[in-house]
Amino acid sequence: MTAAPSARTEVKRVPERGVYDRVTIDAILDEGYLCHVGIVQDGSPVVIPMLYARDGDSILIHGSPASRMLRTAKFEGLEICLTVTLIDGFVIARSAFHHSMNYRSVVVFGQAIPITDEADRQAALDKLVDTLVPGQVPYVRETTEKEAKGTLVLRLPLDEASAKVRIGPPKDEPEDYDLPIWAGVIPIKETYGSPIADPDLTHDLTVPDHLANFARTSR
Ligand SMILES: Cc1cc2nc3c(=O)[nH]c(=O)nc-3n(C[C@H](O)[C@H](O)[C@H](O)COP(=O)(O)OP(=O)(O)OC[C@H]3O[C@@H](n4cnc5c(N)ncnc54)[C@H](O)[C@@H]3O)c2cc1C
């Protein structure tokens, strides 16, 4: 699927790094779990970090109905800009100016709509948990009605999205390549440690397989 950029998603700065196909966009979204959601509230911008999960052609975010952003979105939806950033490496150049980062990022614009149907909201919450910690939904006790009611879930369509991708070595000035200065890339990898048991565990439990082998990304 190749989508054309909209007026506001077209990457203008270093346009050759802009990607608009859903395969690339979905792959970035599925590897990440942390997004930053930007809104304008009372004329002032605010950007809040949140967890998210992609659900087909949309992104799910959730939180307390008391949170400022979700409260604002509660009834009629909310125009937001959501970004996801995966960082792959520090790009070390021969000049300070040409230092950069290797990255894959996504920017999505759209109206985040609250999920009001109870069953849909529960399914969305399960999708969020199971995407972030695969295998956890059937393992934990069921969500109570009170817990479900106390959680607001918003759905942001992926209709207007762009990706921007930088890969490879530094791009230095032609005359600088002869300088005796090391240049290259320092890769960045995310790793997960061994699970640490809650000291308040009341049973002698081994770590379930889906948590012992926790590795939710391919990075
Ligand atoms: C980890 C990381 C570090 C960065 N560090 C810097 C920095 O220090 N300084 C700096 O100037 N830039 C940095 N960038 C690039 C930055 O994200 C912007 O692309 C750049 O600043 C141009 O912004 P703009 O609004 O002028 O772009 P424009 O090209 O005018 O943006 C137009 C549209 O392109 C899309 N777009 C722009 N940037 C991105 C993106 N990163 N991912 C997906 N879609 C995008 C959006 O839909 C946007 O509305 C960094 C990017 C990443 C991922």
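Let us look at the structure shown here. No experiment lies behind these values; they were computed from the predicted model shown.

How each quantity is defined
- Residues numbered from 1 in each chain as written.
- Predicted model: local features only at pLDDT ≥ 70, side-chain atom pairs only at ≥ 80, totals over all residues.
- Core = buried A, V, L, I, M, F, W, Y, C linked by C-beta atoms within 7 Å.
- Buried ≥ 20, exposed ≤ 12 C-beta atoms within 10 Å, placed from the backbone.
- Helix = DSSP H or I, 4+ residues; strand = E, 2+ residues; numbered from the N terminus.
- Contact = placed C-beta atoms within 7 Å.
- Arc of directions from axis to C-beta.
- Pairing = 2+ DSSP bridges.

Looking at the nonpolar core
Nonpolar side chains tend toward joint burial in soluble globular proteins.
1) Next: Judged by nonpolar contacts, the single largest core of 33 residues is most densely connected at Ile59, Leu60, Ile61, Val106, Val108, Leu154 and Leu156.
2) Next: If you tally residues by element for this core, the top one is strand 6 (residues 78-92), at 5 residues.
3) Next: Apart from residues lying up to four places away in sequence, Ile61 is in contact with Val37, Met50, Tyr52, Ala112, Leu154 and Leu156.

Some thoughts on helix 1 (residues 22-31)
1) Next: Buried residues of helix 1: Ile25, Ile28 and Leu29, and no others. Projection of helix 1 onto a plane perpendicular to its axis shows the buried side chains occupying an angular sector of 95 degrees, all on one side.
2) Next: Summarising the contacts, the buried residues of helix 1 are in contact with strand 4 (53-55), strand 5 (58-63), strand 6, strand 7 (100-114) and strand 9 (160-166).

Quick notes on the pairing of strand 5
Two faces belong to every sheet, and in a regular strand the side chains alternate between them.
1) Next: Here strand 4 pairs with strand 5 via 3 bridges, running antiparallel. In the strand pairing of strand 5, Asp55 is matched with Ser58.
2) Next: Linking two consecutive strands that pair antiparallel, namely strand 4 and strand 5, is a turn of 2 residues; a positive phi of about 65 degrees is found at Gly56 within it.
3) Next: In terms of strand pairing, strand 5 meets strand 8 (residues 152-157) through 6 bridges, oriented antiparallel.

Note that all results are geometric; they support no functional claim without further evidence.
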